[in-house]
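Chain residues, written in single-letter form:
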Amino acid sequence: MVGGLAATAIQLSGISHVFESRKARLHALDGIDLAVRENEFVTLVGRSGCGKSTLLRIIAGLLRPTVGDVRVSGRPVTGPRRDVAFMFQRSALLPWRTVLQNVMLPVEILKLDRRTHRRRAEELLALTGLEGFEDRRPDELSGGMQQRVSLCRALVHNPSVLLMDEPFAALDALTREELSLELQRIWSEDRKTIVFVTHSIQEAALLADRIAVMSPRPGRIARLLDVTASRPRSLGITAHSNELDRVSAELHELLFARETAGQADGPAGPHRSVTTDPS
Amino acid sequence: MTTAETQLGTAIGGAQTRSRVGAVALRVLLPAVTIIVLIALWWLATVVFDWPAYLVPTPGDVWNEMVDQRSLLASDFKTTLFESLLGFGLAIAIAVPFAVVIAYSRLLELTIYPALVALNAIPKIAIAPLLVIWMGFGIGPKIAMVVLICFFPIVISTATGLKSTPAELVDLARSLSASSVQEFVKFRFPAALPYVFVGLKVAIALAVIGAVVGEFVGATEGLGYVIIASGQNANTTLAFAAIVLLSVMSIVLFYALVLLERLVVPWSED
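Residues numbered from 1 in each chain as written. Chains lettered and ligands numbered in written order. Predicted model: local features only at pLDDT ≥ 70, side-chain atom pairs only at ≥ 80, totals over all residues.

Here the focus is the overall build of chain B. The helix and strand tally for chain B stands at ten helices and zero strands. Taking the principal axes of its C-alpha atoms as reference, chain B extends roughly 70 × 70 × 30 Å. Going through the 270 residues of chain B one by one, you find that 32% of them count as buried. Sequence separation of at least 24 residues holds for 76% of the intrachain contacts in chain B that already meet a minimum separation of 6. (Helix = DSSP H or I, 4+ residues; strand = E, 2+ residues; numbered from the N terminus. Buried ≥ 20, exposed ≤ 12 C-beta atoms within 10 Å, placed from the backbone. Contact = placed C-beta atoms within 7 Å.)

Rendered as structure tokens:
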């Protein structure tokens, strides 16, 4: 860890969100405070309906919070920004474009220089093992390869923040683990601030510098956990898997204990520890 | 690689090529068989029931008539084809902007949509004589009829397509701060194309019908005119020849669109 000197990339203060429709009122998020450091890898883990995707959309500027303040690199978020990229659970590739054209899409829309970015696109494709697939159409690729293309597209215009909404959730277990390793490798070569939403405990532990554990109804950050295992991490290395097992066990306890203890023990203690960054 | 493996490889490769050729052959062969069987049944019926030629001619009679009258029929075929295609093209040119308006403005959708549904509910054949009164006996009323009849399916399918952009693509466009023009050109319109083609395929068959209806009411050429004229002379064989040519025209136009669809939207093949 770089320590307390690293600048804050994302600052969430007092975020609450309520979805209101004619029939129902859903309190999705309540009093979220979170500071993500520059180049930090934070995973948001929690059960379905705990508001983790909502929180991610708020950081992305795709959704305005009912209450609260979001800042990226010190500037308030008022809408989608070009220094923040978003990666979806489904690859969201344009089926009529080739792999390379898909990766170049943000460059076209943001009207950036095509030549320099084309080189970057090709480098990214090579980095993700997609060399030689530039002219294929997405429907000719496997699910794992499609998500790799999607990752390249998110990175092509070199955003400083990458938001990932369960990007590997639709993949099979082996591909998923493979992509987790690949993401770590790419991140180590091309540092970004990453917020990664997942409901996989193993994934959360494997990837994160810090894990924000969320509890549902209303969504709150129940605990923040540091993961100190050295990188690159792999489940195949004993030292890593011991540490990751310990973290996973703790996550299990946090995520499932609340269920048996009932909802009553909600906000009082744990989520207040949010701002105490152990570093 | 051992020889056995090589042989196995070649054998598998060969089997794949053969099955692909087989698949294509099957696609051509099966419809051909259907048509041949239908013609055979037609012929058999004329023999078994011994219908006179002025009621139901045999396939052979019709063929001979087509050969005898080929120059006349060819020119009428061209007339009807031209009317159908021109009307179809105009219908696309008018329908697509309407669809964009419907897809983008809820207010205009509520205003225009009921009017379109009402317009579509009018039996077009009922307007055909009026079109002649308004536009005379030239090509005008035929084109108008084709446009009227093709317009609706194209508007509906295109508007549906423009409104059915997958949510993740809309999110992607938003997350990149795409302008509404960029969103339309790079996301919505291409995503709508498979829907557009559904409407076009319905409309192209209707286009030929529209042209024939237009010709029925008042014309001096075209296959519809040939059918009306031969009815007046009790020349059933010539009427049959015109009908056969009309269905050939419809089939060719339809498959031309299918081919175009493969070229334009290859990603939605299945």
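Right, let's get into the packing of helix α2 (residues 59-68) of chain B against helix α10 (residues 236-264) of chain B. Residue and element names in this part refer to chain B. Packing of α2 against α10 brings their axes to within 9 Å, and their N-to-C directions diverge by 80°. Between α2 and α10, the interaxial angle falls into the category roughly perpendicular. Side by side, α2 and α10 meet where D61, V62, E65 and M66 of the first sit next to T237, L238, F240, A241 and V244 of the second. Looking at the contact of α2 with α10 residue by residue, the class counts come to six nonpolar, one polar and two charged. (Axes fitted to C-alpha atoms, helices over the stretch in contact; angles between N-to-C directions. Parallel < 35°, antiparallel > 145°, perpendicular 65-115°, else oblique. Nonpolar A, V, L, I, M, F, W, Y, C, P; charged D, E, K, R; others polar.)

The next thing to look at is unusual backbone geometry. Residues and elements named next belong to chain A. Each neighbour pair has its own omega, and for R217 with P218 the value is -10°, a cis peptide bond. Mapping P218 onto the fold places it in the loop between β9 (210-215) and β10 (220-226). For K111, which is not a glycine, the phi torsion comes out positive at approximately 55°. With respect to the secondary-structure elements, K111 resides in the loop between α2 (99-109) and α3 (114-127). Given 8 C-beta atoms within 10 Å, K111 falls into the exposed group.

Looking now at the sheet that holds strand β7 (residues 161-165) of chain A. Residues and elements named next belong to chain A. Judged by pairing direction, the sheet is mixed, and its six strands sit side by side in the order β6-β7-β8-β3-β9-β10 without closing on themselves. Two strands in the sheet have a free side with no partner beyond their single neighbour: β6 (84-87) and β10. For this sheet the average axis-to-axis angle between neighbouring strands, irrespective of direction, equals 20°. The sheet contact formed by β9 and β10 spans six bridges and is antiparallel. Across the sheet, the residue bridging to V213 is R223, located in β10. (Pairing = 2+ DSSP bridges.)

Right, let's talk about the sheet that holds strand β2 (residues 25-37) of chain A for a bit. Residue and element names in this part refer to chain A. Pairing in this open sheet of four strands is antiparallel, and the strands run β2-β1-β4-β5 from one edge to the other. Each end of this open sheet is capped by a strand with a single partner; those strands are β2 and β5 (75-76). Sheet analysis places strand β1 (residues 8-20) next to β2, joined by nine bridges and oriented antiparallel. Each bridged residue has a counterpart across the sheet, and for H17 the counterpart in β2 is L29.

As a further point, take the environment of D171 of chain B. Relative to the helices and strands, D171 of chain B resides in helix α7 (residues 167-175). Residue D171 of chain B is classed as partly exposed on the basis of its C-beta count, with 19 C-beta atoms lying within 10 Å. For the pair D171 of chain B and W42 of chain B, spaced 129 residues apart in the sequence, the C-alpha separation amounts to 57 Å. Once you skip the residues sitting within four places of it in the chain, D171 of chain B turns out to touch L62 and F88 of chain A.

In a packed pair of helices, the relevant descriptors are the angle between the two axes and the axis-to-axis distance. Residue and element names in this part refer to chain A. One way to put it is that α2 packs onto α3 with a least axis distance of 10 Å and a crossing angle of 130°. For the element pair α2 / α3, the angle class is oblique. Between α2 and α3 lies a crossing of right-handed hand. Note on element contacts: α3 touches α2 through R114, H117, R118, A121, L124 and L125, opposite V99, L100, V103, M104 and V107. Class assignment of the residues belonging to the contact of α2 with α3 gives a composition of eight nonpolar, one polar and two charged. (Left-handed = near helix turned anticlockwise from the far one by under 90°.)

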